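# Architecture at a glance
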Amino acid sequence: LLQGFNTGIVAGALIRIVPEFHLEARPELVGLIASSTTMGAVVGTSVSGRLSDAYGRQKALVLSSALFLTGGALMGWSPTPSALIAGRFIGGMAAGLVSAAVPTYIAECAEPSQRGALATLPQLCVSSGILLSYLVALGSLLLGGSWRLMLGLSLLPALCQAFVVLSLPESPRWTLTHKPGALGTEEAASALRRLRGKDDVSEELAQMKAGLAAEGSARPAAGGSGGDAAVSAAPP
């Protein structure tokens with residue numbers, strides 16, 4: 001939702017931003033304000049995979065919440081165009097993080113029967129955020145509201161996200177991969193019990209372990225067969 005909101009809200013906000021900062025003769029700066037969220041998203045997406053793999057899916061989402069809150073506060077304050085660009089860039093980084101981390105978290109945590117439906121929610125929320133931003137901008141322009149209010153309203157969903165994300169368990173699959181042994185197994189089982197709402201998750205946990213073991217054994221085998229094929233195909 002925040003990704004769509006921050007992308008769309010600038011269309012209405014620029015109507016007030018340009019005259020306040022006297023940017024009529026600075027189209028390059030106006031373009032930078034508009035595109036800084038997308039540039040931040042490129043950076044956020046490029047590091048999302050490594051961050052979520054190294055530190056966990058849930059921690060990547062917590063970081064995105066912190067960035068959304070920082071970016072929203074900076075956009076709502078913004079005494080200069082530079083501060084506004086920085087706020088939008090930070091919000092874009094957060095959007096890039098969640099664009100990669102959320103689908104991964106859903107895939108690893110959702111039950112198979114619900115995975116397809118849940119996987120459609122991120123795109124639905126992005127579209128809903130864009131629609132919401134246009135409605136907020138229209139209402140603010142008609143009522144004479146400030147552009148800082150338009151941009152600062154992103155703090156409300158950012159606070160909701162932070163509250164929810166802090167209560168989420170880590171992905172059981174990530175836990176089993178990065179914390180081998182009894183401790184990792186117990187943490188993964190605890191997360192599964194929370195996610196499934198039942199005490200007995202031994203069968204699913206065993207299936208998850210078997211799947212991870214099969215993946216681990218398949219990687220070197222695939223690499224070895226590829227190397228052998230290359231050698232046998234080489235000319236004498």
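Notes on the structure follow. No experiment lies behind these values; they were computed from the predicted model shown.

## Quick word on the environment of Arg-88
Within the element layout of this structure, Arg-88 appears in helix α4 (residues 81–109). The spacing of Arg-88 and Asn-6 is 82 residues in sequence and 7.7 Å in space, taken between C-alpha atoms. Not counting residues up to four positions away in its chain, the partners in contact with Arg-88 are Asn-6, Val-10, Ile-33, Ala-34, Ser-36, Thr-37 and Met-75. One polar contact links the side chain of Arg-88 to the main-chain carbonyl oxygen of Ile-33, over a distance of 2.7 Å.

## Things to note about the packing of helix α1 (residues 2–20) against helix α2 (residues 27–55)
Interhelical geometry of α1 versus α2 gives an angle of 160° and a closest axis separation of 9 Å. Judged by the inter-axis angle, α1 sits roughly antiparallel to α2. With respect to the hand of their crossing, α1 and α2 are arranged in right-handed fashion. For the pair α1 and α2, contact is made by Asn-6, Thr-7, Val-10, Leu-14, Ile-17 and Val-18 and by Val-30, Ile-33, Ala-34 and Thr-37, respectively.

## Looking at the layout of surface pockets
Each pocket or cavity is described by its volume, and for the largest pocket that value is around 870 Å³. Lining the largest pocket we find 29 residues, and of these Leu-61, Val-102, Ile-106, Pro-122 and Cys-125 sit closest to its centre. Counting residues per element, the ones that place at least two in the lining of the largest pocket are α1, α3 (57–77), α4, α5 (112–119), α6 (121–143), α8 (155–166) and α10 (182–196). The element that contributes the greatest number of residues to the lining of the largest pocket is α4, accounting for seven residues. Its residues placed into classes, the lining of the largest pocket shows 22 nonpolar, five polar and two charged.

## Examining α8
Given a rise of 1.5 Å per residue, 12 residues ought to cover 16 Å, and the 16 Å separating the end C-alpha atoms of α8 matches this to within 8%. Turning to α8, its buried residues are Ala-158, Gln-161, Ala-162 and Val-165. The buried side chains of α8 occupy one side of the element, clustering within an arc of 100° when seen end-on. Facing away from the buried surface of α8 by more than 90 degrees, the exposed residues are Leu-156 and Phe-163. The inward-facing, buried residues of α8 abut α1, α3 and α4.

## Thoughts on the pattern of salt bridges
Two side chains of opposite charge can pair, provided their charged atoms sit close to one another. Per the counting criterion, the structure on display carries eight salt bridges. With a shortest N-O distance of 2.7 Å, Arg-148 and Glu-20 are connected by a salt bridge. With a gap of 128 residues between them, Arg-148 in helix α7 (residues 147–152) and Glu-20 in helix α1 connect regions that are remote in the sequence. Here Arg-148 falls in the partly exposed class, since its relative accessible area comes to 22%. Judged by its relative accessible area of 37%, Glu-20 falls in the partly exposed class. Residues Asp-53 and Arg-57 are paired through a salt bridge, measuring 2.6 Å at the closest nitrogen-oxygen approach. In this structure Asp-53 comes out as partly exposed when scored by relative accessible area, which is 39%.

## Looking at the nonpolar core
Residues Ile-17, Leu-23, Ile-33, Leu-84, Trp-147 and Leu-151 are the most contacted members of the largest nonpolar core, which totals 19 residues. No other element matches α1, which puts seven residues into this core. Among all residues touching Leu-151, those that are not within four sequence positions of it are Ile-9, Ala-13, Ile-17, Met-75 and Leu-84.

## So, the packing of α1 against α4
The geometry of α1 relative to α4 is characterised by a closest axis approach of 9 Å and an angle of 160° between their N-to-C directions. In terms of orientation, α1 lies roughly antiparallel with respect to α4. Seen along the crossing, α1 lies across α4 with a hand that is left-handed. Contact residues: α1 offers Gln-3, Asn-6, Val-10 and Ile-17, while α4 offers Leu-84, Arg-88, Ala-95 and Ser-99. Here the contact of α1 with α4 is composed, by residue class, of four nonpolar, three polar and one charged.

## Points about α2
An α-helical turn contains 3.6 residues, so any two residues separated by three or four positions project in the same direction. In this model, α2 (29 residues) spans 41 Å end to end at C-alpha, consistent with the 42 Å of a helix rising 1.5 Å per residue. Of the residues making up α2, those classed as buried are Leu-29, Val-30, Ile-33, Ser-36, Thr-37, Gly-40, Gly-44, Ser-48 and Ser-52. Lining the buried residues of α2 we find α1, α3, α4 and α9 (172–178). Phi for Gly-56, located one or two positions after α2, is positive at around 115°.

What counts and how
- Residues numbered from 1 in each chain as written.
- Predicted model: local features only at pLDDT ≥ 70, side-chain atom pairs only at ≥ 80, totals over all residues.
- Heavy atoms only, no water.
- Helix = DSSP H or I, 4+ residues; strand = E, 2+ residues; numbered from the N terminus.
- Contact = heavy atoms within 4.5 Å.
- Polar contact = N/O pair within 3.5 Å; in protein donor to acceptor, adjacent residues only side chain to side chain.
- Axes fitted to C-alpha atoms, helices over the stretch in contact; angles between N-to-C directions.
- Parallel < 35°, antiparallel > 145°, perpendicular 65-115°, else oblique.
- Left-handed = near helix turned anticlockwise from the far one by under 90°.
- 1 Å grid on protein atoms, 1.4 Å probe; cavity = no way out; pocket = protein on both sides within 12 Å on 5 of 7 lines; lining within 4 Å.
- Points joined across faces, edges and corners; volume = space filled by probe spheres on them.
- Nonpolar A, V, L, I, M, F, W, Y, C, P; charged D, E, K, R; others polar.
- Expected span 1.5 Å × (residues − 1).
- Buried < 20%, exposed > 50% of the residue type's maximum accessible area, 1.4 Å probe, protein only.
- Arc of directions from axis to C-beta.
- Salt bridge = Lys/Arg side-chain N within 4 Å of Asp/Glu carboxyl O.
- Core = buried A, V, L, I, M, F, W, Y, C linked by side-chain atoms within 4.5 Å.

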